[in-house]
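In case you want the letters, here they are:
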Amino acid sequence: MTVTIFLVILTACAAVTSLLTEAVKKFLDGQKVAYASNVLVLAIALAIGCGATALYYVNYGVPFTALNSVYLALMGVANWLGATLGYDKVRQTVAQIGKAE
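Throughout this document, residue positions are counted from 1 along each chain, in the order its sequence is written. Where local features are concerned, this predicted model is filtered to residues with pLDDT of at least 70; where side-chain atom pairs are given and counted, the filter is 80 or more; whole-chain, interface and lining totals use all residues. Side-chain metrics in this entry use all non-hydrogen atoms of the structure; hydrogen atoms and water are not considered.

**Here we look at the packing of aromatic side chains**
Counted only if it meets this: Put simply, two rings from Phe, Tyr or Trp (the six-membered ring, in Trp's case) pair if the centres are within 6.5 Å, and we call them stacked under 30 degrees between planes, edge-to-face over 60, tilted for the rest. Secondary structure elements are defined from DSSP: runs of H or I of at least 4 residues count as helices, runs of E of at least 2 residues count as strands, and each element is numbered from the N terminus. A simple rule labels every residue: compare its accessible area, found with a 1.4 Å probe on the protein chains alone, to the largest value its type can have, and call it buried under 20%, exposed over 50%, or partly exposed in between.
Summed over all chains, the structure comprises three aromatic pairs. Between Tyr-56 and Tyr-60, the ring centres sit 4.8 Å apart and the planes meet at 40 degrees, which makes this aromatic pair tilted. You can see Tyr-56 and its partner Tyr-60 sitting in helix α2 (residues 37-60), four residues apart, about one turn around the helix. Its relative accessible area of 57% is what places Tyr-60 among the exposed residues. Arranged with centres 5.4 Å apart and planes meeting at 70 degrees, the rings of Tyr-57 and Phe-64 form a pair that is edge-to-face. Put simply, the rings of Tyr-56, Tyr-57, Tyr-60 and Phe-64 touch in pairs and so form one group of aromatic residues.

Rendered as structure tokens:
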């Protein structure tokens, strides 16, 4: 996997993860279910990041060796880090800037 492909997959996964996380949070809020946001985004990010990388491997015939499996897991973690720095942090920053003015 080239760096370009890695960044494309990571960007797409982070965007999808952020959107899906917000949808799940709104659904859970509507159902009045208590949840931990960080754990929720972790589960969604790992599923999407690892799933997208596995689809890439299958589509391009990349063998599932031990090293490629580690890369697959690392893509899930990288997606989680990208997603946790996504939508919520942008909203928090905008709210803090609005209060400062």
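**Observations concerning the pattern of salt bridges**
Side chains that carry opposite charge are capable of pairing whenever their charged atoms lie near each other. So the rule is basically this: Salt bridge, as used here: a side-chain nitrogen of Lys or Arg that lies within 4 Å of a carboxyl oxygen of Asp or Glu.
Counting across every chain of the model gives one salt bridge. In this structure, Glu-22 and Lys-25 form a salt bridge, with 3.6 Å as the shortest nitrogen-oxygen distance. Of this pair, Glu-22 and Lys-25 both sit in helix α1 (residues 3-30), three residues apart, which is roughly one turn of that helix. Considered together, Glu-22 and Lys-25 belong to a single accessibility category, that of buried residues.

**Description of the nonpolar core**
As a reminder of what qualifies: Think of a nonpolar core as a cluster: buried Ala, Val, Leu, Ile, Met, Phe, Trp, Tyr and Cys residues, connected wherever their side-chain atoms sit within 4.5 Å. Should any heavy atoms of two residues lie within 4.5 Å, those residues are considered in contact.
Listed in full, the 11 residues of the largest apolar core are Ile-9, Leu-10, Cys-13, Leu-28, Leu-40, Ile-44, Ile-48, Tyr-56, Tyr-57, Leu-72 and Met-75. Elements that contribute at least two residues to this core include exactly α1, α2 and α3 (66-84). Per-element accounting of this core gives the leading share, five residues, to α2. Those residues in contact with Ile-44 that sit more than four places away from it in its chain are Thr-17, Leu-20, Thr-21 and Val-24.

**Focus on the packing of α1 against α3**
The condition is simple: Note on geometry: axes are lines fitted to C-alpha atoms, helical ones only across the stretch in contact, with angles between N-to-C directions running from 0 to 180 degrees. Any angle from 65 to 115 degrees is called roughly perpendicular, while one under 35 is roughly parallel, one over 145 is roughly antiparallel, and all others are oblique. Note on convention: near helix rotated counterclockwise from far helix by under a right angle means a left-handed crossing. Clockwise means right-handed. Each residue gets one label: Ala, Val, Leu, Ile, Met, Phe, Trp, Tyr, Cys and Pro are nonpolar, Asp, Glu, Lys and Arg are charged, and the others, such as Gly, are polar.
Where α1 meets α3, the axes come as close as 9 Å, and the angle between the chain directions of the two elements is 55 degrees. As judged from the angle between their axes, α1 and α3 are oblique. In this structure, the crossing between α1 and α3 has a hand that is right-handed. Residue-level contacts link Phe-6, Ile-9, Leu-10, Cys-13, Ala-14, Thr-17 and Ser-18 of α1 to Met-75, Ala-78, Asn-79, Gly-82 and Ala-83 of α3. Counted by class, the contact of α1 with α3 contains eight nonpolar, four polar and no charged residues.

**Points about α3**
What counts, and what does not: A helix is expected to span 1.5 Å for every residue after the first. In this description, one arc is meant: the one made by directions from the helix axis to the C-beta atoms.
In this model α3 runs 27 Å from its N-terminal to its C-terminal C-alpha over 19 residues, within 8% of the 27 Å that 1.5 Å per residue would give. Those residues of α3 not exposed but buried are Asn-68, Leu-72, Met-75, Gly-76, Asn-79 and Ala-83. Viewed along the axis of α3, the buried residues span an arc of 100 degrees, placing them on a single side of the element.

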